[in-house]
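Working through the structure, step by step
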Amino acid sequence: MSLFLAEQSLPFTVALIVMLVLAVLEGASLLIGTSGLSEMIDSAFDFDIDADADIHGHGGLLGWLHFGRVPVLMLLILFLTSFGIAGLLIQMLAASIVSHFLPAWLASIGAFFAAVPAVRTGGFVLEKILPKDESSAVSLDALIGRAGIVVTGTARVGKAAQARVRDEHGRSHYVMVEPDNEDSVFERGTEILLIKRLGAKYQAIRNPHAGLMQP
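Residues numbered from 1 in each chain as written. Predicted model: local features only at pLDDT ≥ 70, side-chain atom pairs only at ≥ 80, totals over all residues. Heavy atoms only, no water.

Before going further, it helps to spend a moment on the nonpolar core. Counting residues in hydrophobic clusters, the biggest one holds 15 residues, and the most contacted among them are Phe12 and Phe83. Those elements that provide at least two residues to this core are helix H2 (10-31), helix H6 (72-98) and helix H7 (104-129). It is H6 that contributes the most residues to this core, six residues altogether. Once residues lying within four places of it in the same chain are set aside, the contact partners of Phe12 are Phe83, Gly84, Gly87, Leu88, Gln91, Ala104, Ala107, Ser108 and Ala111. Formed by 13 residues, the second largest nonpolar core is a distinct cluster that contains Leu143, Phe186, Ile192 and Tyr202. (Core = buried A, V, L, I, M, F, W, Y, C linked by side-chain atoms within 4.5 Å. Buried < 20%, exposed > 50% of the residue type's maximum accessible area, 1.4 Å probe, protein only. Helix = DSSP H or I, 4+ residues; strand = E, 2+ residues; numbered from the N terminus. Contact = heavy atoms within 4.5 Å.)

Structure representation (structure tokens):
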């Protein structure tokens, strides 16, 4: 138990705790029939990834780690698990050889370089075994014309807020929106309609058919 509670092992213990929390949250979302956490994380990374086409390919580091082909949440859980276990093993090895733990920063370097190829390998396996449903994949532009609701923040011109939008397959996407004119303000709970994509965010208007949310 001293290994887990030692100050030098703190980064690895925390990583494993966070991994367990994420796994429980994702499991709970699946039990209640939603994929909110995974969808939210994937949507957040879509903004960054979409800005660099090379990352989606095989040349970039994120592409090498299978980002865009495996859910980001799964890759994050893989990294936290690999980092935590590798770090604890390094500290166990150090204690058996030199009779004391390594400084946390030094062990973290070794754990990081052990975790990265583990994520690469795990991502490769997951990509092969996870079911693919290309018919349900949608582009960011395909969300234009879809209805949604503001879930976080208050949207004004020049200040975007987060909204949840459902695509034609009923899957939720979390996007950043702002009004199309300075007279409009979208507070949390406002039903909106996406009318234009501006890079990583969308312009929207109030849903003229509020209450008739699309599936």
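A few words on the packing of aromatic side chains. As enumerated under the stated definition, the model contains four aromatic pairs in all. Taken together, a centroid distance of 5.2 Å and an interplanar angle of 50° make the contact between Phe12 and Phe83 tilted. One end of the pair, Phe12, is in helix H2; the other, Phe83, is in helix H6, with 71 residues separating them in the sequence. Between Phe112 and Phe113, the ring centres sit 5.6 Å apart and the planes meet at 85°, which makes this aromatic pair edge-to-face. Assessed through its relative accessible area of 39%, Phe112 is described here as partly exposed. Taken together, the ring pairs in this structure connect Phe12, Phe79, Phe83, Phe112 and Phe113 into an aromatic cluster. (Phe/Tyr/Trp six-rings, centres within 6.5 Å; stacked < 30°, edge-to-face > 60°.)

All we've got here are geometric facts, nothing functional implied.
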